[in-house]
Amino acid sequence: PRDALHIFATNALVSEHNEKMLKIRCPHVTKLQASDFVKDASTGSLKKIALTKGAKDDIPPVLCVGVGARVMLSRNVNVEDGLVNGAFGTVTGVSGGEESSAQPATVFVEFDDPRVGAAARQKGGIPGGGNVTKSVAIQQVE
């Protein structure tokens, strides 16, 4: 079944499966460019660095998302609000993040567990429509 949890031996097989599922589920896929930053110890400001390849915690250079895509948080965003590594949901909207856009990427997600992101939902939903009461704005972190 296509909605069943799939387990793969390598990240390459995971990527291949995810690309196939995106094509099936999402009529429009948005490609978001990844950026990596390091905190300057002396100033406290963030400095953009080159993406690392082959490290255990490397990030993919491009994140492909679309409305209807199944997603899982891979980092803790807000533990108190349930926005934690492993939380599953479905993308309900995407804004910003494209090369032509000056605004950072925001991916709107309706999480499987309605308690996840309850506090974040109080701050607002999808600009211009969508299901505001059920979607959580997950913003690009810089």
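Residues numbered from 1 in each chain as written. Predicted model: local features only at pLDDT ≥ 70, side-chain atom pairs only at ≥ 80, totals over all residues. Heavy atoms only, no water.

1. What about the pairing of strand β2 (residues 36–39)?
(1) Moving on: Pairing between β2 and strand β3 (residues 46–49): four bridges, direction antiparallel. Residue F37 lies in a different strand from β3, and its bridge partner there is K48.
(2) Moving on: Taking the residues that link successive antiparallel strands as the turn, the β2-β3 hairpin has six residues, and the phi of G44 there is positive, at about 80 degrees. (Pairing = 2+ DSSP bridges. Helix = DSSP H or I, 4+ residues; strand = E, 2+ residues; numbered from the N terminus.)

2. Focus on the sheet that holds strand β7 (residues 106–111)
Strand pairing in a sheet is mediated by backbone hydrogen bonds. Such pairs are either parallel or antiparallel.
(1) Moving on: Strand order in this open sheet of four strands is β5-β6-β7-β8, and the pairing throughout is antiparallel. The open sheet has two edge strands, β5 (70–72) and β8 (136–139), and neither has a second partner. Within this sheet the neighbouring strands show an average axis-to-axis angle of 50 degrees, counted without direction.
(2) Moving on: Note: β7 against β8, four bridges, orientation antiparallel. (Axes fitted to C-alpha atoms, helices over the stretch in contact; angles between N-to-C directions.)

3. Structural notes on the pairing of β7
(1) Moving on: Among the six residues of β7, five are classified as buried, and the element is accordingly described as predominantly covered.
(2) Moving on: Alignment of strand β6 (residues 88–95) against β7, held across six bridges, turns out to be antiparallel. Residue pairing for β7: S95 is matched across the bridge by T106. (Buried < 20%, exposed > 50% of the residue type's maximum accessible area, 1.4 Å probe, protein only.)

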